[in-house]
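Here's the letter readout for the chains.
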Amino acid sequence: MRKRTRIDVALGQARAAALVERYRDRLVEQDLIPPDRALRLACQAYCEGYVYVTAAPGQVWERIEKEDGGSDHLLILSFDQSWLGRTALCEFTDGEHEELLLDELDEQYALHSWPADEGGEASWTGPGQRPY
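Residues numbered from 1 in each chain as written. Predicted model: local features only at pLDDT ≥ 70, side-chain atom pairs only at ≥ 80, totals over all residues. Heavy atoms only, no water.

Student: Can you break down the nonpolar core residue by residue, with the values?
Tutor: Judged by nonpolar contacts, the single largest core of 27 residues is most densely connected at Tyr46, Trp61, Leu74, Ile76 and Leu105. Within the residue set of this core, elements represented by two or more residues are α1 (7-11), α2 (13-31), α3 (35-47), α4 (51-54), β2 (73-82), β3 (85-92), α5 (102-108) and β5 (109-113). Here this core gets five residues from one element, more than from any other, and that element is α2. (Core = buried A, V, L, I, M, F, W, Y, C linked by side-chain atoms within 4.5 Å. Buried < 20%, exposed > 50% of the residue type's maximum accessible area, 1.4 Å probe, protein only. Helix = DSSP H or I, 4+ residues; strand = E, 2+ residues; numbered from the N terminus.)

Below you can see the structure in the form of C-alpha cells.
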C-alpha cells in the first residue's frame, strides 16, 4: 500500500479543514459543482492525497524507498507546466535542484511536512539544512 500522510496530521485539524473548505469553494465557483458534492470531492481529494490538489510550494516531501547516498527529502519551490505535464521545481537537502513531474513526485515521495502557513514559507532556508 502507498504511504500517505494525512493532512490533518501534517497541518492540524483547523488548518486542514480550512484547506478543504477553500478547495470546496473553488469547485463551487469555478466548476459550478453544488456545495454538498463539492465538499465530498474536496474531502476525497485531500484524504486520498491527490497530488494535483495537495502539493504546494514550501512543503517537504520524503522519499518512499530510501536510497543509499541520495537525499531522502525535498522542498517544493514552485510549479511549472512543461510539454510532459505539470512539474514541481524541487530543492533537495544537499542543495541540488530537480524538476519532477507531479506524477513522479506522487509515485516516489510522500508528504512529510507542510509549511508553517499557507503563504508557502519554506521549511528550510538553504542547501544542506535538515527539513525538520
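Student: Give a detailed account of the sheet that holds β3, specifying residues and quantitative values.
Tutor: Taken in spatial order, the five strands make up an open sheet running β4-β3-β2-β1-β5, and their pairing is antiparallel. The open sheet is flanked by β4 (97-101) and β5, the only strands paired with a single partner. Taking each pair of neighbouring strands and ignoring which way they run, the sheet shows an average axis angle of 45 degrees. The sheet contact formed by β3 and β4 spans five bridges and is antiparallel. Its bridge partner lying in β4, alanine 88 is registered against leucine 100. (Pairing = 2+ DSSP bridges. Axes fitted to C-alpha atoms, helices over the stretch in contact; angles between N-to-C directions.)

That's the geometry; what it means functionally is another story.
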